[in-house]
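# Residue-level structural notes
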Amino acid sequence: ELTALYDTQRSLAVKSNASVKLLSSVCDGACWLAADGLTILESDPHVDEILGCKAAGSNFAGYLLEDEKERFATATAASQARQTQEPVVLLPSALRVEGCRAQQVDLFIEQLQLASGTRQEQSLPGFLVGI
């Protein structure tokens, strides 16, 4: 049983690492959002640089332009409901950066699936977002 747990942990680490590497090859940075699709649990230094601050713990919607917030919420809801067959949702959008200046970006949104029967908690990542 311990061997199976170890193998599962190793597999998850490899998959996570592969996702981040793939995303970093097409994105400037990435952040992990909570299951609510809003709370930034962790951000890499590139995202912090793009947003102009340490983003962890903040609300991702706060960096979106007002008219982009609903589009982002729709994209994350569609991803959660699996209304799309695509593993990653591409959302052209705009972020408010460095003193409210608008920056056009592409957001790559991947909804993370937990093992079946596992309850999604706010402390666990729900989305990986590449910018």
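## Some details on the pattern of salt bridges
When their charged atoms lie close together, side chains carrying opposite charge are able to pair. All told, the structure shown has 3 salt bridges when counted by the stated rule. Residue Lys69 is joined to Glu66 by a salt bridge in which the shortest nitrogen-to-oxygen separation is 3.3 Å. Of this pair, Lys69 and Glu66 both sit in helix α3 (residues 66-80), 3 residues apart, which is roughly one turn of that helix. Of the charged contacts in the structure, one is a salt bridge between Arg71 and Glu68, with a shortest N-O distance of 2.5 Å. Residue Arg71 and its partner Glu68 are located together in helix α3, separated by 3 residues, close to a single helical turn.

## Concerning the pairing of strand β5 (residues 125-130)
Counted residue by residue, β5 has 5 buried out of 6 residues, so it is predominantly covered. With 5 bridges connecting them, strand β1 (residues 30-34) and β5 associate as antiparallel partners. By the bridge assignment for β5, Trp32 is matched with Leu128.

Criteria and thresholds
- Residue positions are counted from 1 within each chain, in the order its sequence is given.
- In keeping with the model being predicted, local features are shown solely for residues with a pLDDT of at least 70 and side-chain atom pairs are shown and tallied solely at 80 or more, while totals for entire chains, interfaces and linings include all residues.
- Hydrogens and water molecules were not included; the side-chain quantities draw on all heavy atoms of the structure.
- One speaks of a salt bridge when a side-chain nitrogen belonging to Lys or Arg is within 4 Å of a carboxyl oxygen belonging to Asp or Glu.
- Each helix is a run of DSSP H or I of at least 4 residues and each strand a run of E of at least 2, with the numbering of both proceeding from the N terminus.
- We call a residue buried when its accessible area falls under 20% of the maximum for its residue type, exposed when it is over 50%, and partly exposed in between, using a 1.4 Å probe and counting protein chains only.
- By definition, two strands form a pair when at least two bridges between them are found by DSSP.

Nothing here speaks to function; it is geometry throughout.
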